[in-house]
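# Summary of structural features
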Amino acid sequence: MKLKTVKEMTLKEKLGQLILPGFHSTYYDDQIKTLIEDYHVGNVILFTRNFTNASQVRELTKKIHEEIYKSTGHIPFIAIDQEGGLVTRMMKDVTFAPGPMTASASISDATYYTGRMLAEDMIRLGMNLNLAPSLDVNNNPNNPVINVRSYSDDPSVVAKLGKRFIEGSLEYGVLACAKHFPGHGDCEVDSHLGLPIINYDLDRIHKIEMHPFIENINVPAIMSAHILFPAYDTVPATLSKKILTNVLREELGFEGLILTDCLEMKAIQNEFGTANGALKAVLAGADLCDISHTLEFQLKALHLLEEAVNDGRLPMEELDKKVERILKAKEKTLPYLEKYFYNQEMKFSEENNKLAQEIVDNSLTMVKGNNVTLTPNTLLIAPVAMARTIIEDEFDDRNLAKVLKKEFNNLDVLELLNTDEFKESVLNSLDKYDNVVIFSYNAATSPKQVEFINAVLDKKQEVTVISLKGPMDFNKYNNLNNYLCLYEYTPNSIRTVVKYLKKELTPKGKLTIKL
């Protein structure tokens, strides 16, 4: 396959390499057709909305590969946020991989296996850039968007486990993109909805937030955070030349690709505008601008970038450097695309499915107390999971209460509701049960859920709480005797719960954060 060089590209073809656009169809629709065929855009980001099944998405990505090659003379980046666990864009016909904190709590080298299994599915479907892992340090239990997407609250552990994920991903030629530089762990605002501020001094940021990135400075790509770090600059990291160029490129010596997080997130859109944000990000040092939704913003960003080249704000020499970096990175993935995508029929690994389940099974962690023993008079209470942040995905089969009713049809199983009526009904019936098992989900940021669980704990001693989203809610409870946790509410973890209650497995996981 002959690939164009930077010197052979027109200005429009070069500018098209700087944009990572999304679209909303499961087929090659007018939006992506316009971007590729009229504006020579060289990359695409996919989401759950683009995915029906493996056959469909493979046909879609084959079409994207063909059309981008015809329009630009080069292969595309097809990117996806396939972190595993709660941030999983592809769910059917592929391995449902464990999330970061699950892998961290589980068997030795689980993060390597996770990176590898995700990459194997991706490359077979024509995707060569994974917007993972999160190298954010989980040092704030109230963080609404990182949480179990982090490996640990220890920067050294995050660095070590992130490195193994990156290495696993590269086994199948998928480039990993570490995020969110300089660090998204210690904030309480979701940057999808507003602009977070991390107000620490430079020494602290280097030692904690930035440490995992410094230890993985050879990662193929790094994504910037839409977060304000006043110690560095008066604008968010994504738009900061001091952070992206002076610190990341020059001080730390990073030679890979710098990507932005989606510029339609409110942290950028509300204050700076998406298209203007793209221009500012490129001038600050970014190579690839993620604009995940809107054609108007995607086209306006290209227009503003072209204006900046023409008036000298973005010198051609600087543009060529960015495009050269992008093309060289793409070329590293080509042998793997040729082996697993262009020249091979689709096939997937049952072994990976088994390994993913083993990793989740081994992550179940006993934090306090004793194991559950079911009796004919055990009450089970479980929530229905809803995506709690924009980044999380909805799963069709994520109703633990429904599964428990089927698997334990001799027991009373209730769906947890955050209402006063539900609380009073349960409290009035507790005396007739030998013991109660309550599954919590995201309770650390759900006062009504904590209020309900504490009311049950105050009235009954024989209660076990099992969290489905890490141990962040552990310190919210009074009179807590028995507590276990998993680190994701996914089809895999539901199977783990059933095995545990049937005594087919025992908790072997290890805590990855201090309580």
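### Let's talk about the sheet that holds strand β4 (residues 129-130)
- The strand order across the open sheet formed by six strands is β2-β3-β4-β5-β6-β7, and the pairing between neighbours is parallel. Each edge of the sheet is formed by a strand with only one pairing partner; in this case those strands are β2 (43-46) and β7 (257-259).
- By the bridge criterion, three bridges tie strand β6 (residues 221-224) to β7 in an arrangement that is parallel. Residue pairing across strands places Ala221 opposite Leu257, the latter belonging to β7.
- Taken strand by strand, helix α9 (residues 241-251) contacts β5 (175-181), β6 and β7, and its axis lies near 150° from that of β7.

### Considering the environment of Asn147
- Residue placement: Asn147 occurs in the loop between β4 and α6 (155-170).
- You can call Asn147 buried: its relative accessible area is 10%.

### Details of the pattern of salt bridges
- Applying the stated criterion across every chain, the model contains 25 salt bridges.
- A salt bridge links Lys70 to Glu67; its shortest N-O distance comes to 3.3 Å. Of the two residues, Lys70 and Glu67 are both situated in helix α3 (residues 54-72); the distance of three residues between them amounts to about one turn of the helix.
- Residue Asp81 pairs with Lys179 through a salt bridge whose shortest N-O separation is 2.9 Å. In this pair, Asp81 sits in the loop between β3 (77-80) and α4 (100-105) while Lys179 sits in strand β5, placing the two residues 98 residues apart along the sequence.

### Quick look at the sheet that holds strand β12 (residues 435-440)
- A sheet is described by the order of its strands in space; here six strands give the open sequence β9-β14-β13-β12-β10-β11, paired in mixed fashion. Every other strand in the sheet has two partners, leaving β9 (365-368) and β11 (412-415) as the edge strands with one partner each. Across the sheet, the mean angle from the axis of one strand to that of its neighbour is 20°, orientation sign disregarded.
- By the bridge criterion, four bridges tie strand β13 (residues 463-467) to strand β14 (residues 482-485) in an arrangement that is parallel. Note on β14: the bridge partner recorded for Val465 is Tyr483.
- Sitting on the sheet, helix α18 (residues 491-501) touches β9, β10 (378-382), β12, β13 and β14, and the angle it makes with β12 is about 165°.

### Side note on the packing of aromatic side chains
- On inspection of all chains with the given rule, the structure shows seven aromatic pairs.
- Arranged with centres 5.1 Å apart and planes meeting at 55°, the rings of Tyr172 and Tyr340 form a pair that is tilted. Of this pair, Tyr172 sits in the loop between α6 and β5 while Tyr340 is found in helix α13 (residues 316-342), placing the two residues 168 residues apart along the sequence.
- Using a relative accessible area of 11% as the deciding quantity, one classes Tyr340 as buried.
- Here Phe422 and Phe452 contribute two aromatic rings whose centre-to-centre distance is 5.2 Å and whose plane-to-plane angle is 45°, an arrangement assigned as tilted. Of this pair, Phe422 sits in helix α16 (residues 420-429) while Phe452 is found in helix α17 (residues 447-459), placing the two residues 30 residues apart along the sequence. Comparing Phe422 with Phe452 shows no difference in burial state: the two are buried.

### Considering the nonpolar core
- Ranked by size, the top nonpolar core spans 112 residues in total, and within it Ile64, Met127, Phe181 and Leu259 carry the most contacts.
- Looking at which element gives the most residues to this core, the answer is α13, with nine residues.
- Residues contacting Phe181, with those up to four places away along its chain left out, are Met210, Phe213, Ile222, Met223, Ser224, Ala225, Ala237, Ile243, Val247, Leu248 and Leu252.
- Judged by nonpolar contacts, the second largest core, of 56 residues, contains Leu416, Val465, Phe474 and Leu501.

### Side note on unusual backbone geometry
- The omega torsion of the bond from Ala132 to Pro133 falls at 10°, within 30 degrees of zero and hence cis.
- In this structure, Pro133 sits in the loop between β4 and α6.
- With an omega of 0°, the peptide bond between Lys179 and His180 qualifies as cis.
- Position of His180 relative to the elements: it lies in strand β5.
- Unusually for a residue other than glycine, His40 sits at a positive phi of about 60°.

### Looking at helix α5 (residues 110-124)
- If you check α5, its first and last C-alpha atoms are 21 Å apart, about what 15 residues at 1.5 Å a residue would give, namely 21 Å.
- α5 sits mainly inside the fold: 13 of its 15 residues count as buried.
- Count one or two residues on from α5 and you reach Gly126, which has phi positive near 85°.

### Structural notes on the packing of α16 against α17
- The geometry of α16 relative to α17 is characterised by a closest axis approach of 10 Å and an angle of 15° between their N-to-C directions. Taken together, α16 and α17 sit at an angle that is classed as roughly parallel. Between α16 and α17 lies a crossing whose hand is right-handed. Contacts between α16 and α17 involve Asp420, Phe422, Lys423, Val426, Leu427 and Asn428 from the first element and Lys448, Glu451, Phe452, Ala455, Val456 and Lys459 from the second.

### Looking at the side chain of Ser440
- Mapped onto the secondary structure, Ser440 falls in strand β12.
- Residue contacts for Ser440: discarding those within four places in its chain leaves Pro383, Gln449, Ile453, Val465, Ile466, Ser467, Leu468, Asp473 and Tyr477.

### Digging into the side chain of Thr378
- Here Thr378 shows up in strand β10.
- In terms of polar contacts, Thr378 uses its side chain to reach the side chain of Asn435, at 2.5 Å.
- Those residues in contact with Thr378 that sit more than four places away from it in its chain are Thr373, Leu411, Asp412, Tyr433, Asn435 and Val437.

### Notes on the pairing of β10
- Within β10, five of the five residues are buried, leaving the element largely enclosed by the surrounding structure.
- Covered by surrounding structure in β10 are Thr378, Leu380 and Ala382 together with Leu379 and Ile381, the residues of both alternating faces.
- As paired elements, β10 and β12 share four bridges and run parallel to each other. Along β12, the bridge assignment pairs Leu380 with Val437.
- Bridging between β10 and β11 involves four bridges; their strand directions are parallel. Residue pairing in the sheet places Leu380 in a bridge with Val413 of β11.

### A few points about the confidence of the model for the protein
- On average, the protein scores 93 in pLDDT, and the residues at 70 or more come to 95%.
- In this model, residues 387-395 is a region of pLDDT below 50 whose contacts with residues beyond four sequence positions or in other chains number 40 contacts.

Reading guide: rules and limits
- Residues numbered from 1 in each chain as written.
- Predicted model: local features only at pLDDT ≥ 70, side-chain atom pairs only at ≥ 80, totals over all residues.
- Heavy atoms only, no water.
- Pairing = 2+ DSSP bridges.
- Helix = DSSP H or I, 4+ residues; strand = E, 2+ residues; numbered from the N terminus.
- Contact = heavy atoms within 4.5 Å.
- Axes fitted to C-alpha atoms, helices over the stretch in contact; angles between N-to-C directions.
- Buried < 20%, exposed > 50% of the residue type's maximum accessible area, 1.4 Å probe, protein only.
- Salt bridge = Lys/Arg side-chain N within 4 Å of Asp/Glu carboxyl O.
- Phe/Tyr/Trp six-rings, centres within 6.5 Å; stacked < 30°, edge-to-face > 60°.
- Core = buried A, V, L, I, M, F, W, Y, C linked by side-chain atoms within 4.5 Å.
- Expected span 1.5 Å × (residues − 1).
- Parallel < 35°, antiparallel > 145°, perpendicular 65-115°, else oblique.
- Left-handed = near helix turned anticlockwise from the far one by under 90°.
- Polar contact = N/O pair within 3.5 Å; in protein donor to acceptor, adjacent residues only side chain to side chain.
- pLDDT = per-residue confidence, 0-100.

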